[in-house]
Amino acid sequence: MPSVVRMGVLGCASIALRKVMPAMRDAEHVELRAVASRDPARARDAARRFGCAAAGGYEDLLGRADIDAVYIPLPTGLHAHWTERALAAGKHVLAEKPLTCDHATAVALVEQARKAGLWLMENYMFLHHGQHRAVGDLVAAGRIGAPRVFTARFGIPPRDAADIRYRPDLGGGALLDVGVYPIRAASHFLGPELDVVGSVLRMDPATGVDVAGHALLCTPSGITAELSFGFEHAYRSGYALWGDRARITVDRAFTPPPGSEPLVRVESPDGTEELSLPADDQVKNTAEAFARSVLGDADYAPHAEAITRQAALVERVRARARIVRPPAPSR
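Residues numbered from 1 in each chain as written. Predicted model: local features only at pLDDT ≥ 70, side-chain atom pairs only at ≥ 80, totals over all residues. Heavy atoms only, no water.

J.: Where do I start with the overall build of the protein chain in this structure?
T.: Helix and strand counts for the protein chain come out as 9 helices and 15 strands. Since a compact globule built from 331 residues should have a radius of gyration of about 20 Å, the 20 Å found for the protein chain is in line with a globular shape. The principal-axis extent of the C-alpha atoms belonging to the protein chain is close to 60 × 55 × 35 Å. The 331 residues of the protein chain split such that 53% are buried. The long-range fraction of contacts in the protein chain, counting pairs at least 24 apart against all pairs at least 6 apart in sequence, stands at 67%. Entry remark: accessible area of the protein chain is about 14900 Å², with carbon and sulfur atoms responsible for 51%. (Helix = DSSP H or I, 4+ residues; strand = E, 2+ residues; numbered from the N terminus. Rg over C-alpha atoms; globule rule 2.2 N^0.38 Å. Buried < 20%, exposed > 50% of the residue type's maximum accessible area, 1.4 Å probe, protein only. Contact = heavy atoms within 4.5 Å. Areas by Shrake-Rupley, 256 points an atom, 1.4 Å probe, with all protein chains shown as cover.)

J.: I would appreciate a short explanation of the side chain of Thr224 in the present structure.
T.: As for its placement among the helices and strands, Thr224 is situated in strand S10 (residues 224-230). Ignoring any residue separated from it by four or fewer positions in sequence, one finds Thr224 in contact with Arg148, Val149, Phe150, Leu190, Leu216, Leu217 and Cys218.

J.: Please clarify how the packing of aromatic side chains should be interpreted in this entry.
T.: For any pair of aromatic rings, the description consists of the separation of the ring centres together with the inter-plane angle of the planes. Summed over the entire model, instances satisfying the criterion amount to 14 aromatic pairs. For the ring pair Phe126 and Phe254, a centre distance of 5.1 Å and an interplane angle of 85° mean the geometry is edge-to-face. On the criterion of sequence distance, the pair formed by Phe126 in the loop between strand S6 (120-123) and helix H6 (130-140) and Phe254 in the loop between strand S12 (247-251) and strand S13 (263-268) is long-range, its members being 128 residues apart. Each of the two residues, Phe126 as well as Phe254, counts as buried. These aromatic residues form a ring-pair network of at least three members: Tyr124, Phe126, Phe154, Tyr181, Tyr235 and Phe254. (Phe/Tyr/Trp six-rings, centres within 6.5 Å; stacked < 30°, edge-to-face > 60°.)

J.: Just checking my understanding: could you explain the environment of Leu217 for this structure?
T.: Inspection of the secondary structure assignment puts Leu217 in strand S9 (residues 210-218). Here the alpha-carbon distance between Leu217 and Val196, two residues 21 residues apart in the chain, equals 4.4 Å. Sequence-distant contacts of Leu217, that is, excluding residues within four places in its chain, are made with Leu194, Asp195, Val196, Val197, Ile223, Thr224, Ala225, Leu227 and Leu313.

J.: Explain the pattern of salt bridges here, please?
T.: Oppositely charged side chains can pair when the atoms bearing their charge come close. Taken as a whole and judged by the stated rule, the model has 21 salt bridges. Notably, a salt bridge pairs Asp169 with Arg167, separated by 2.6 Å at the nearest N-O pair. Of the residues examined, Asp169 reaches a relative accessible area of 52% and is grouped as exposed. Between Glu232 and Arg202 there is a salt bridge, and its shortest N-O distance comes to 2.1 Å. Pair noted here: Glu232 is in the loop between S10 and strand S11 (236-243) and Arg202 is in strand S8 (residues 195-203), with a separation of 30 residues, a long-range link. Its relative accessible area of 38% is what places Glu232 among the partly exposed residues. Linked through salt bridges whose partners overlap, the residues forming this network are Glu31, Arg33, Arg64 and Asp66. (Salt bridge = Lys/Arg side-chain N within 4 Å of Asp/Glu carboxyl O.)

J.: Please explain the nonpolar core as it appears in this structure.
T.: Among soluble globular proteins, nonpolar side chains are generally buried collectively. In terms of nonpolar packing, the biggest core is built from 58 residues, with Met7, Met24 and Leu120 touching the most fellow members. Met203, Ile223, Ala225 and Leu277 belong to the second largest nonpolar core, which has 49 residues in total. (Core = buried A, V, L, I, M, F, W, Y, C linked by side-chain atoms within 4.5 Å.)

J.: Explanation requested: helix H5 (residues 103-116) in the structure shown.
T.: In an α-helix there are 3.6 residues to a turn, and that puts residues three or four apart on one side. For H5, which comprises 14 residues, the first-to-last C-alpha distance of 20 Å matches the rise-based estimate of 20 Å (1.5 Å per residue) to within 8%. All buried positions along H5 are accounted for by Ala106, Leu109, Val110 and Ala113. Angularly, the buried residues of H5 cover 100° about the axis, an arc narrow enough to put them on a single face. Facing away from the buried side of H5 by over 90 degrees, the exposed positions are Ala104 and Lys115. Residues of H5 that are buried sit in contact with helix H4 (76-88), S6 and helix H9 (301-319). Here H5 starts with a cap whose side-chain oxygen sits 3.2 Å from the backbone nitrogen of Ala104, and that cap is Asp102. A positive phi of about 70° marks Gly117, the residue just after H5. (Expected span 1.5 Å × (residues − 1). Arc of directions from axis to C-beta. Polar contact = N/O pair within 3.5 Å; in protein donor to acceptor, adjacent residues only side chain to side chain.)

J.: I'm lost on the sheet that holds strand S7 (residues 147-155) in this one. Help?
T.: Sheet strands pair via backbone hydrogen bonds, and the direction of the pair is either parallel or antiparallel. Strand order in the open sheet made by the 9 strands is S14-S13-S12-S11-S7-S10-S9-S8-S15, with mixed pairing throughout. Each of the sheet's edge strands pairs with one partner strand only, and the pair in question is strand S14 (271-276) and strand S15 (321-324). Within the sheet, the average angular offset between the axes of one strand and its neighbour, ignoring direction, is 10°. Both S7 and S10 contribute to a ladder of 7 bridges, which runs parallel. Residue Ala152 lies in a different strand from S10, and its bridge partner there is Leu227. Contacts between helix H7 (residues 174-190) and the sheet are confined to S7, S8, S9, S10 and S11, with S10 contributing the most and set at about 160° to the helix. On top of the sheet, H9 reaches S8, S9 and S15; it is set at about 60° to S8, its chief contact. (Pairing = 2+ DSSP bridges. Axes fitted to C-alpha atoms, helices over the stretch in contact; angles between N-to-C directions.)

Okay, here's the thing in structure tokens:
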């Protein structure tokens, strides 16, 4: 059995250069072999920086025999196409979230990977941070009693006008960029039976993409998830689990720096307890989890189900949304 997964990177996006490629370089059971870009100069620069080869383009990278798997950090609207191409080339795939813009495509890609015996992973890195396991342990131990409400917020300040987040043709919009995080966190803590009760999406009249939103989800037993997101906000990234005995809150829930020590608060009628947790590196953890799944022939079914369930929830949030279109500012 091989001891490492030989990785190629399909694109020189900011998240790849700043976070994922440095983590892959340091991760166990991962060997960064090659990087590709539409701009050959960018590929060469990245290859020199990370000590790997520069491929001649995306198709060239997929054709390399020394690549077992690829990481796809391209714009959201391109994930599905290049995931399909990578799976067809016999490569395992770690694709940035969201994997697709619609549920049907997610189902098709999951089935393509299953038939090919390949591992397809949607890159929700926060799930691999230790603070969420600690929260899950507290809930399982009964610290908050019976869960009643999950709330989550992920908002970032406005981007530059040329940012791809404002391009509908590339899968732009707040729901697919930041809204998917609270939705995935709600499923993580409340389980697979969540459904969408209703939602609101605020559209930008100039670009035609949603720039903010709110969604209400519910389990069959009546546990609710209240989720807010957008990129016209002061930065906020956190969630809370409110039970009949206490409430747990987590700040910097989705993108904590690897050196930061998380703080989990447990608020009850008896007072507030602050639990300081060890620093953790969710990016490196994700790369290693992906490699272990590939090398260990892990059970693909639970992850495949999570991918398709997430895509279905996101699609329902959009389908059931009340669309608000503020008037364009007067000139």
